[in-house]
Amino acid sequence: MPKSFQIGTAKSQPGTIQYGHWEAFTHPTGSAEFLPVVILQGVEDGPCFWLTAGIHGPEHAGPLVLHKLLTEVLAKQLRGTIIAIPALNPVGLRTMSREPLPDEKDPNRLWPDGKPAKPPDPDLEPPSPLEITYKKIFDLMLETADYLIDYHNAWTGSISFSFQDRMLYRPDGDGSAKAEAEALVQRQLEMLKAYGHTIIGEMPVSKLIDDDLHRSTSGALLYLGKKPTFTVELGTGHMPDPAIVQASAAGTRNVLRWAGMLDGEMEPIEGIKVIDPGYPVRRLQTPRVKEAGVVFHLVQAGDMVQSGQPVAEIRDIWGRPIGDGYVYSDCDGFVIGRSHGIFYYTGDAVLGLAVRNTEPLVEPYPEDYFK
Ligand SMILES: [Zn+2]
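Read on for an overview of the structure. (Residues numbered from 1 in each chain as written. Predicted model: local features only at pLDDT ≥ 70, side-chain atom pairs only at ≥ 80, totals over all residues. Heavy atoms only, no water.)

## Re the packing of helix α1 (residues 61–69) against helix α8 (residues 242–258)
Alright, step 1. Close contact between α1 and α8 brings their axes to 9 Å; oriented N to C, the two are set at 55 degrees. Judged by the inter-axis angle, α1 sits oblique to α8. For α1 against α8, the interelement crossing comes out right-handed. Between α1, through A61, L64, V65, K68 and L69, and α8, the contact on the second element is made entirely by V245, Q246, S248, A249, T252 and R253.
Alright, step 2. Here the residues of the contact of α1 with α8 sort into 6 nonpolar, 3 polar and 2 charged. (Axes fitted to C-alpha atoms, helices over the stretch in contact; angles between N-to-C directions. Helix = DSSP H or I, 4+ residues; strand = E, 2+ residues; numbered from the N terminus. Parallel < 35°, antiparallel > 145°, perpendicular 65-115°, else oblique. Left-handed = near helix turned anticlockwise from the far one by under 90°. Contact = heavy atoms within 4.5 Å. Nonpolar A, V, L, I, M, F, W, Y, C, P; charged D, E, K, R; others polar.)

## Details of the pairing of strand β8 (residues 160–164)
Successive residues of a regular strand alternate their side chains across the two faces of the sheet.
Alright, step 1. In terms of burial, β8 is a largely internal element, 5 of the 5 residues being buried.
Alright, step 2. Side chains S160, S162 and Q164 project from β8 onto one buried face, and the interleaved F161 and F163 project onto a second face that is buried too.
Alright, step 3. As defined by bridge partners, β8 adjoins strand β11 (residues 229–234) across 3 bridges and the pair is classed as antiparallel. Across the sheet, S162 pairs through a bridge with V232, a residue of β11.
Alright, step 4. In terms of strand pairing, β8 meets strand β10 (residues 198–201) through 4 bridges, oriented parallel. By the bridge assignment, F163 is partnered in β10 with I200. (Buried < 20%, exposed > 50% of the residue type's maximum accessible area, 1.4 Å probe, protein only. Pairing = 2+ DSSP bridges.)

## Overview of the coordination of the zinc ion
Alright, step 1. For the zinc ion, every protein donor is listed as H56 (ND1), E59 (OE), E59 (OE) and H152 (ND1), and the spread of their distances is 2.0 to 2.5 Å.
Alright, step 2. Classification of the site at the zinc ion as irregular follows from its 4 donor atoms and the range of 56 to 152 degrees in their angles at the metal.
Alright, step 3. Within one chain, the residues serving as donors to the zinc ion are arranged as H-x2-E-x92-H.
Alright, step 4. Overall, the relative accessible area of 9% leaves E59 in the buried class. (Donors = N, O, S within 2.8 Å, 3.2 Å for Na, K, Ca; no water. Tetrahedral: all angles 85-135°; square planar, octahedral: opposite > 155°, others 65-115°.)

## Structural notes on a nonpolar patch on the surface
Alright, step 1. Side chains of F296, L298, Y326 and Y328 sit close together on the surface and give an oily, nonpolar patch of about 380 Å² of accessible area.
Alright, step 2. When you line up the elements, Y326 lands in strand β16 (residues 321–328). (Patch = residues over 30% accessible without salt bridge, like charges linked within 9 Å, V, L, I, M, F, W, Y side chains within 5 Å. Areas by Shrake-Rupley, 256 points an atom, 1.4 Å probe, with all protein chains shown as cover. Salt bridge = Lys/Arg side-chain N within 4 Å of Asp/Glu carboxyl O.)

## Focus on the sheet that holds β16
Backbone-to-backbone hydrogen bonds pair the strands of a sheet. The strands run either parallel or antiparallel.
Alright, step 1. Here 4 strands make up an open sheet; going across it, the order is β16-β15-β13-β18 and the pairing antiparallel. Looking at strand neighbours, the two that pair on one side only are β16 and β18 (343–344), the edges of this open sheet.
Alright, step 2. Relative to β18, strand β13 (residues 293–297) runs antiparallel, the two being bridged by 2 bridges. Counted as the bridge partner of V294 is F343 from β18.

## Focus: α1
Alright, step 1. Among the residues making up α1, those that are buried are A61, G62, P63, V65, L66 and L69.
Alright, step 2. Along its buried surface, α1 packs onto β5 (44–53), α2 (72–77), β6 (79–85), β7 (147–152), β11 and α8.

## Focus: unusual backbone geometry
Alright, step 1. For the peptide bond that leads from T286 to P287, omega is -10 degrees, which places it in the cis range.
Alright, step 2. Relative to the helices and strands, P287 resides in strand β12 (residues 281–288).
Alright, step 3. Positioned with a positive phi, D212 is a non-glycine residue whose angle comes to about 60 degrees.
Alright, step 4. Positive phi values are uncommon outside glycine, yet K226 reaches one of about 55 degrees.
Alright, step 5. By relative accessible area, K226 is classed as partly exposed at 41%.

## Let's talk about the environment of M191
Alright, step 1. Position of M191 among the secondary structure elements: in helix α5 (residues 176–195).
Alright, step 2. With relative accessibility at 0%, the residue M191 sits in the buried group.
Alright, step 3. Along the backbone, M191 and P228 are 37 residues apart, and their C-alpha atoms lie at a distance of 7.8 Å.
Alright, step 4. Discounting residues that sit within four places of it in the chain, M191 has contacts with F49, Y147, L148, I149, P228, T229, F230, V255 and W258.

## Observations concerning the nonpolar core
Alright, step 1. Within the largest apolar cluster, 36 residues are counted, with the highest numbers of intra-cluster contacts made by F49, L51, I82, I149 and Y151.
Alright, step 2. Residue contributions to this core peak at 6 residues, all from α8.
Alright, step 3. Counting 27 residues, the second-largest nonpolar core is a separate cluster that includes I39, C48, W50 and L110. (Core = buried A, V, L, I, M, F, W, Y, C linked by side-chain atoms within 4.5 Å.)

This is the structure:
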């Protein structure tokens, strides 16, 4: 018999899908904000896999992937339990805004950071309703989750890909924390390979902490819970590509197979571009324009690019070329997606590029992190 789970009003029942509400917070106008919960449980016992989506309002592919994935057929075949939240940020999804009321911060940077609690400071804003919400959900994840995937979208027209994280550890005397971090990176890589979409490494540690990326949904459970997790990026968010949605559902079933929760052959990932340049890559916003102007991209998402190659034309608003009229790549790699729009200020990056990763995947927390 599988273990029993209850999240809000949703209570697991072997061999079925159960639906419910989890009360998040109350609006000043009286209505309660709830998060929708789906618990799909197999007949046999197995791990507990969390699947979350919809934390960024304009990113609409994730809920669709969960709808395709969570079927009665899966409930008959699964070993273990899936706990899914298709809308981590209902207000944001309705308004298609990334930083929605009642918060003005990126919600995917509000999860616990593992720092010691500080005494309340009257000059600081207290945690926002969403920050408190995610802390409570995080505690439920810590109790129950063995794995997690969080579904997002990158940019309009970007390829489907998944992020490989850099793992942080607190140095100890005998090196066991580093060894544990390295083992977790390996587990995550296996899981990413099972998912089967393009794999792209995160930014170097200093940058990811500056950006609070360790406080993302998957980051918090990876760094603090030490569970294998990852974030996927499903191309265009405001008008999801059906091929990417289907390929993500297939990739997720393959991860369930990898986790021993589902039988059968790994499914082929079809209908989307999967790029493996033969070396590990990380994301980088590049190249940056040297003068403000109007950009016409010469490359598309998924194209291989070489250092020195013109990747865009650049003109002034009258249409006259700026300089020799081109923006050149300064790296080898492949295009994750074009930056949005055509009007670029000096220093704006023209592309999201996947470039060779040269930094370590496992690093200690910065010395002052826990102070
Ligand atoms: Zn996102």
